[in-house]
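# Commentary on secondary and tertiary structure
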Amino acid sequence: MIEKVYEFKKDATTKVVEKIVNTEHVQINHIVLPKGEQMPKHYSNSYVHLIIIKGEMTLTLEDQEPHNYKEGTIVYVPFNVKMLIQNLNSDILEFFVVKAPHPKKLNAPEEAIKCE
């Protein structure tokens, strides 16, 4: 078998943060946030694409005003940017985080660095 198959949780109603793919080239995480939940504020440790598949994401980058992005949207976040991801408006926010290249290729830590 040439391909490699990865699975992720489906129909989750509680907070889920799972690393699906972690190869030398890319990291892909799957995240589910119920309403009112958020990810810790942190710096992006690679070039990040947020693929929103359910709900609406409230995203604050650096000191900008928060912006809302709905399902069916892909948001690009550059390397080393302070970011806060929240679910303020939807029953469930579900999205994938694609980090390419793998943070190690940028001499960054594999896990994002939390900030205030």
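This section reports on the structure supplied with the text. Treat the numbers as computed from the prediction; the structure is a model and nothing was measured.

Across four bridges, strand β5 (residues 56–61) lies against strand β6 (residues 67–70) in antiparallel orientation. The residue bridging Leu-59 from the neighbouring strand is His-67, located in β6.

Turning our attention to the packing of aromatic side chains. For the structure shown, the criterion picks out two aromatic pairs. With centroids separated by 4.9 Å and ring planes inclined at 90°, the aromatic side chains of Phe-8 and Phe-96 adopt a geometry described as edge-to-face. In this pair, Phe-8 sits in the segment before β1 (16–22) while Phe-96 sits in strand β9 (residues 92–99), placing the two residues 88 residues apart along the sequence. Of the residues examined, Phe-8 reaches a relative accessible area of 30% and is grouped as partly exposed.

Going from Ala-100 to Pro-101, the amide bond is cis rather than trans, its omega being 0°. Within the secondary structure, Pro-101 is located in the loop between β9 and β10 (113–114). Notably, Asp-11 is not glycine yet its phi reads approximately 60°, a positive angle. Along the chain, Asp-11 falls in the segment before β1. On the accessibility criterion, Asp-11 (71% relative accessible area) is exposed.

Quick look at the sheet that holds strand β4 (residues 48–54) now. One open sheet holds the five strands; their spatial order is β1-β2-β9-β4-β7, and the pairing between them is antiparallel. The sheet is open, and its two edges are formed by β1 and β7 (73–77), each paired on a single side. Averaged over all pairs of adjacent strands, the angle between strand axes in this sheet comes to 20°, irrespective of strand direction. Pairing geometry for β4 and β9, over six bridges, is antiparallel. The residue bridging Lys-54 from the neighbouring strand is Glu-94, located in β9.

The rules behind these values
- Residues numbered from 1 in each chain as written.
- Predicted model: local features only at pLDDT ≥ 70, side-chain atom pairs only at ≥ 80, totals over all residues.
- Heavy atoms only, no water.
- Pairing = 2+ DSSP bridges.
- Helix = DSSP H or I, 4+ residues; strand = E, 2+ residues; numbered from the N terminus.
- Phe/Tyr/Trp six-rings, centres within 6.5 Å; stacked < 30°, edge-to-face > 60°.
- Buried < 20%, exposed > 50% of the residue type's maximum accessible area, 1.4 Å probe, protein only.
- Axes fitted to C-alpha atoms, helices over the stretch in contact; angles between N-to-C directions.

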